[in-house]
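Fold and geometry: a report
The primary structure of each chain is shown beneath.
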Amino acid sequence: MFANYLIGLREGLEAALVVSILVAYLVKTDRRELLSRIWLGVALAIAVSLAFGAALTYGPRSLTFEAQELIGGGLSIVAVGFVTWMIFWMARAARSLGGELRGQIDRAADGSRWSLAIVAVLAVGREGLETALFLWAATQAGTREAAGAVTPTWEPLLGAALGLLTAVVLGYLLYRGAVSINLSKFFTWTGAFLILVAAGVLSYGVHDLQEADVLPGLNTIAFDVSDVIDPATWYATLLKGVFNFSPVTTTFEAAAWLLYAVPVMALFLVGVRRRATGPTVPAAQPRTPVSH
């Protein structure tokens, strides 16, 4: 639940920030009559995201086991790609996001009736589709059968729903000016955490592809610590739910986790440090008096 809560919170807060910027700009520029188009776009984006999540959840159930594992593994890898791009894009573009959205609003307001709705659909829908895909992959990974027990699907979904609800409340409070959050630090810490979550989802996707006979090595074990970490314990469940840690891990799974987590985390932290320091501006030199 915690991992999915954080995913819902981060993704939801990004979408809430986008909506708050759109709404605030229209209100400040005295164009309140256009707000209905923004809300129409937001509603359409939510509906599309929910339909996409439902299709992911119920679509593959009538397929064979191998086909389900193939689809699950492939979509898990796609989800990792999307969330990785999102983490780096948000860290890089957060400062200029408001200006870009305001420019899109100005162009859309002068266009057709549906232009503003399309802006909202594209801005919020992108976040919604990424959230639906990554939550589906993370939920599939967290509910994988372990030690004869399966985590109920509603638990990670409840965590995601609570995260989204928290994001909506925070977005409203930010819009009203009631709270102040250091968004740079927020996206840095959550971005680093989500890289570890994504590494676990990638490992899960590799395991699915092994079970679908697409990748070899299903019985080639990198390590087996099930005698030390009992899968039935609460801390094993926590590690499984948050980081998709499995006491019995294949060589391909371990390699995928390391080859993703180590370089991506290093690149992310280097980028954070570079943006924190920023380019140094040389100090102004004192002007030499000019004699006349």
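Up top is the structure these notes are about.
Our subject in this report is the structure included herewith. This is a predicted model, so every value here is computed, not measured.

Let us look at the packing of aromatic side chains. Counting across every chain of the model gives one aromatic pair. Aromatic side chains Phe88 and Phe268 sit 5.9 Å apart centroid to centroid with 90° between the ring planes, which places their arrangement in the edge-to-face category. Of this pair, Phe88 sits in helix α3 (residues 65-93) while Phe268 sits in helix α9 (residues 251-277), placing them 180 residues apart in sequence. Under the relative-accessibility criterion, Phe88 is labelled partly exposed at 25%. The class of Phe268 is buried, set by a relative accessible area of 1%.

Taking 1.5 Å of rise per residue, the 27 residues of helix α1 (residues 2-28) would be expected to cover 39 Å, and the 37 Å separating its terminal C-alpha atoms lies within 8% of that figure. Taken across its 27 residues, α1 has 24 buried, putting it largely inside the fold.

Next up on the list: the packing of α1 against helix α7 (residues 183-211). Packing of α1 against α7 leaves a shortest axis separation of 11 Å and a crossing angle of 140°. Viewed along their axes, α1 and α7 adopt a mutual orientation that is oblique. By crossing handedness, the relation of α1 to α7 is classed as left-handed. Listed contacts from α7 to Phe2, Leu6, Ile7, Leu9, Arg10, Leu13, Glu14 and Leu17 of α1 are Leu183, Phe186, Phe187, Thr190, Gly191, Phe193, Leu194 and Val197. Across the contact of α1 with α7, the residue classes break down as twelve nonpolar, two polar and two charged.

Rules behind the numbers
- Residues numbered from 1 in each chain as written.
- Predicted model: local features only at pLDDT ≥ 70, side-chain atom pairs only at ≥ 80, totals over all residues.
- Heavy atoms only, no water.
- Phe/Tyr/Trp six-rings, centres within 6.5 Å; stacked < 30°, edge-to-face > 60°.
- Helix = DSSP H or I, 4+ residues; strand = E, 2+ residues; numbered from the N terminus.
- Buried < 20%, exposed > 50% of the residue type's maximum accessible area, 1.4 Å probe, protein only.
- Expected span 1.5 Å × (residues − 1).
- Axes fitted to C-alpha atoms, helices over the stretch in contact; angles between N-to-C directions.
- Parallel < 35°, antiparallel > 145°, perpendicular 65-115°, else oblique.
- Left-handed = near helix turned anticlockwise from the far one by under 90°.
- Contact = heavy atoms within 4.5 Å.
- Nonpolar A, V, L, I, M, F, W, Y, C, P; charged D, E, K, R; others polar.

So, to be careful, I would describe these as geometric facts and stop short of saying anything about function.
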